[in-house]
Amino acid sequence: MLTVNKNITLNGTSVIDGVQVAYMSANISTDGGNGANVNKTITNQEVYSANKTQVRADIAEFETKVYEIEDEISAES
């Protein structure tokens, strides 16, 4: 028996002065079940350390977008 799951994938990057500092990804199930799986990776520790406030703000903005999409899916169900 075939089971097919539909997911939404989001990807984001935090870039400081043209340098990618962090990579974020999220996988959101569209069946209204499990919450999103969000991953964050610091890709340049030196630039991150010097710009933590901005990078953390970018990560928070990404997570907010993930929550918005989760809420849209829940509202449609």
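To be clear, the structure that these remarks concern was listed above.
Reading the values: the criteria
- Residues numbered from 1 in each chain as written.
- Predicted model: local features only at pLDDT ≥ 70, side-chain atom pairs only at ≥ 80, totals over all residues.
- Heavy atoms only, no water.
- Helix = DSSP H or I, 4+ residues; strand = E, 2+ residues; numbered from the N terminus.
- Buried < 20%, exposed > 50% of the residue type's maximum accessible area, 1.4 Å probe, protein only.
- Contact = heavy atoms within 4.5 Å.
- Areas by Shrake-Rupley, 256 points an atom, 1.4 Å probe, with all protein chains shown as cover.
- Lys, Arg positive; Asp, Glu negative; His and termini not counted.
- Charge placed at Lys NZ, Arg CZ, Asp CG, Glu CD.
- Pairing = 2+ DSSP bridges.
- Axes fitted to C-alpha atoms, helices over the stretch in contact; angles between N-to-C directions.
- Salt bridge = Lys/Arg side-chain N within 4 Å of Asp/Glu carboxyl O.

(A) Representation of the overall build of the protein chain within the structure. When helices and strands are counted, the protein chain shows 2 helices and 3 strands. Dimensions of the protein chain, computed from C-alpha atoms along their principal axes, come out at roughly 50 × 25 × 15 Å. In the protein chain, buried positions account for 26% of the 77 residues. In the protein chain, the proportion of contacts linking residues at least 24 apart, taken out of those at least 6 apart, comes to 42%. Of the roughly 5,400 Å² of accessible surface on the protein chain, a fraction of 45% belongs to carbon and sulfur atoms. Computed over 5 positive and 11 negative side-chain charges, the inter-centroid distance for the protein chain is 5 Å.

(B) Representation of the sheet that holds strand β1 (residues 7-16). Read from one edge to the other, the open sheet built from 3 strands follows the order β1-β2-β3, with strand pairing classed as antiparallel. Unpaired on one side and paired on the other, β1 and β3 (37-42) mark the two borders of the sheet. Neighbour-to-neighbour, the strand axes of the sheet open up by a mean angle of 15°, direction not taken into account. Here β1 pairs with strand β2 (residues 19-29) via 10 bridges, running antiparallel. Bridging from a neighbouring strand, L10 pairs with A26 of β2. Seen against the sheet, helix α2 (residues 52-76) touches β1, β2 and β3 and runs at an angle of roughly 15° to β2.

(C) Quick peek at the pattern of salt bridges. Scanning the entire structure with this criterion turns up 2 salt bridges. When the shortest N-O distance is used, the salt bridge between E63 and K40 registers 2.9 Å. Taken together, the positions of E63 in helix α2 and K40 in strand β3 put the pair 23 residues apart, joining distant regions of the chain. For K65, the salt bridge goes to E68, with nearest N and O atoms at 3.8 Å. Residue K65 and its partner E68 are both found in helix α2; the two are separated by 3 residues, about one turn of the helix. The exposure class assigned to K65 is partly exposed, which follows from its relative accessible area of 42%. Taking the relative accessible area as the measure of exposure, E68 reaches 37% and is therefore partly exposed.

So yeah, pure geometry; function would need other evidence.
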